[in-house]
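Overview (structure and organization)
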Amino acid sequence: MKLFARLALGTALGLALVTGAASAETVKIGLVVKSLGNGFFEAANKGAQEAAKELGDVEVIYTGPTSTTAEGQIEVINALIAQKVDAIAVSANDPDAVVPALKKAMQRGIKVISWDSAVGKDGRILHLNPSSNELIGNMCLKLAAAHLPDGKGDFAILSATTTSTNQNTWIAEMKKQLPKYPGLNLVTTVYGDDLADKSYREAQGLLSTHPNVKVIVAPTTVGVLAASQAVKDAGKIGEVFVTGLGLPSEMAGAVHSGATKEFAIWNPIDLGYSATQIAYRLVKKESDGKPGSEIDASRMGKIKIGADGEAAMADPFVYDKSNVDEFAKIF
Amino acid sequence: MSTMPLDKPTVRRIPDKLSTPTARLLGSWESLLAAVAIAIFFANSLASPHFLDPWNLSDATYNFTEKAMIAFAMTLLIISGEIDLSVAAIIALASTAMGAAAQMGFGAPALVGIGLGAGLLCGAFNGLLVARIGLPSIVVTIGTMSLFRGIAQIVLGDKAYGGYPADFAWFGQGYMSDLSWWPSWHAFEVVTFEMVAFLVFALLFGVLLHMTAFGRRIYAIGNNAFAAEFSGIPVRRTKFVLFLLTGLMSGVAAVCLTSRLGSTRHSIAAGWELEIITMTVLGGVSILGGSGSIGGVVLAAIVMGLVTFGLGLLNVPGIVMSIFTGLLLILVIALPIVVRRLRASS
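Rules used in this analysis
Residues numbered from 1 in each chain as written. Chains lettered and ligands numbered in written order. Predicted model: local features only at pLDDT ≥ 70, side-chain atom pairs only at ≥ 80, totals over all residues. Domains from an automatic or database assignment. Helix = DSSP H or I, 4+ residues; strand = E, 2+ residues; numbered from the N terminus. Contact = placed C-beta atoms within 7 Å. Nonpolar A, V, L, I, M, F, W, Y, C, P; charged D, E, K, R; others polar. Pairing = 2+ DSSP bridges. Axes fitted to C-alpha atoms, helices over the stretch in contact; angles between N-to-C directions. Right-handed = clockwise from strand over helix to strand, strands pointing away.

**Regarding the domain arrangement of chain A**
Partitioning chain A into structural domains gives domain 1 (23-129 + 268-314) and domain 2 (133-265). If you average the C-alpha positions of domain 1 of chain A and of domain 2 of chain A, the two centres end up 34 Å apart.

**Some thoughts on unusual backbone geometry**
It is generally the case that most residues other than glycine have a negative phi and that most peptide bonds are trans. Residues and elements named next belong to chain B. A positive phi angle, near 60°, is found at Ala269, a position not held by glycine. Counting through the fold element by element, Ala269 comes out in the loop between helix H12 (235-261) and helix H13 (272-282). Of note in this structure, Asn315 is not a glycine but carries a positive phi near 55°. Tracing the backbone shows Asn315 in the loop between helix H14 (294-313) and helix H15 (318-345).

**Comments concerning the interface of chain B and chain A**
Listed as interface residues are 33 residues of chain B and, on the opposing side, 33 residues of chain A. Elements supplying a minimum of two residues to the side of chain B that touches chain A: helix H2 (29-47), helix H3 (54-60), H12, H14 and H15 of chain B. When residues in the side of chain B that touches chain A are grouped by element, the largest group, six residues, is from H2(B). Among the residues making up the side of chain B that touches chain A, the classes are represented as 16 nonpolar, 14 polar and three charged.

**Focus on the sheet that holds strand E13 (residues 310-312) of chain A**
The strands making up a sheet associate through backbone hydrogen bonding, with each pair oriented either parallel or antiparallel. All names here are of chain A. The sheet built from six strands is open, its strands ordered E2-E1-E3-E4-E5-E13 with parallel pairing. Each of the sheet's edge strands pairs with one partner strand only, and the pair in question is strand E2 (58-63) and E13. Within this sheet the neighbouring strands show an average axis-to-axis angle of 25°, counted without direction. Strand direction decides the pairing type here: strand E5 (residues 126-129) and E13, joined by three bridges, are parallel. Residue His127 lies in a different strand from E13, and its bridge partner there is Glu310.

**A few points about the pairing of strand E7 (residues 184-191) of chain A**
All names here are of chain A. Bridge analysis of strand E6 (residues 153-159) against E7 gives six bridges, and the strand direction is parallel. Its bridge partner being in E7, Ser159 is matched across the sheet by Tyr191. Handedness of the E6-helix H6 (residues 165-177)-E7 crossover: right-handed.

Here it is, written out as structure tokens:
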């Protein structure tokens, strides 16, 4: 028993020395993720550490539950409140369940923001989206134009289902912003229902019925992958290009085969970086984070806070041959 | 011819008990746990300056109160030689039932009733399969673990039930000082409803197990179910009641947790069954049945709560935390055995 007590005491003293090293002056920011051991969030932490290094007087506490449960996240948030951190930036497992804990945090003077996966309005000052529908629609068109000579030619859209909310919003945005790209001509929109085989057949159909289509834009990771495969199997690499939104880990093969030159999706490193920058500015009272205000996020530029406290970070990040392998390891 | 001197009997003193009451108390599992709890308490307060803050400690109790309430019922069940692995799934199903009822506009009292009722029904289902049909409880409850959570999953999909009435939030978030009869002393401000529920249930289960005939029967069944049967103990009925109790306590935990989260997802309380069983075993309940005490489980709950909160304050990742809990379990179980071996060899 004595031995155990001595061991416990020894460990405790050791830990006390380690934690005591951080000075009281630093801004402590808790970066709470959905679960630990997820490549996407490890990458976000990389960005957060980068921001902390730039800002100098910041300590980022990267933490989260082992499984993606709300109750696990609440335990983590309670521990952060108890340590009297200055800010909490959370990607929520459940938008409502964490609200009471985060409200308590705000009552005790902690600045709370959410990023990636939002928290209900009462539980945070602002929410940082990786991008906005408007920016995503624009990026899809920009990518299509980049694949066509002089930005002129026909393109088609391969979407998920006819009722997919996200995809429909993005397609509507693309149509709205089409006049900005006068050379682009949208021929048709087909639906692969986010199923690999149906998307593949729809892409095959596009290639045979619309030989003028030089670019297929798929704002869904299932679609963009299936279309790349269809182009490759039809031997039309170099003639027809596929682009859109996809995950680097799934798209690496298509990029190396040449069926896809570029595609886009958010960059988790930038997201963690911006969340840390914003949390820091709120703690330093450089901004109140109210709708309509702007927050300086250093290398990511000024981020504008929109209605309901929702903010969009930036254009989706473009991936090509040069960086897809590096990010394929992450997500 | 015997060489024993029969006319001179040797005087041998046979003691009533093998050791003095104080020595027994000191050597007991509960005092070992209490010592561990005190050691961890001191270690925590040395390791983090934020540990000894009444509000922080009050928040920390949520780490174990709900799980411990189920662990009390689990203690009785394990002592009787059975086990229930479906407790976390019962929470999920009971919470889903409450969520559905909240959507229909039921008030807080009805929701509590529905949560407890759903727990009881699930417990009755387990009890029927084990006590009536005679299936092994570990197999039955592995099955119902998937069944109960599966139903919640089908009902909820990837959605969540929210919109619980405002007064329902009190069970999981409220303080006793919200009530008019609660003493308004400063030190009592931090006492939550869940803490009081934890203590009241500890007392109720303690009395039931240690001071009633029903409690003695549980030990008898756990030590030898056949002998118990032949002694006139209604083994099956007792086991059925124990499954009912476990289901009911899972319902109580479901009410508290749902009220605390204010939202229900199918993944609610995922993995809790193992933490609850760990708590019970750490509390000195023999996994083979027949021995254990509520006092031990109360202490084990506090130890586990202190460990997870203390490590959380030091931002130790959850994965490392489970390693710590595992090591603690092995250490506490191994220590008395090692000590006994050492004593025997010297």
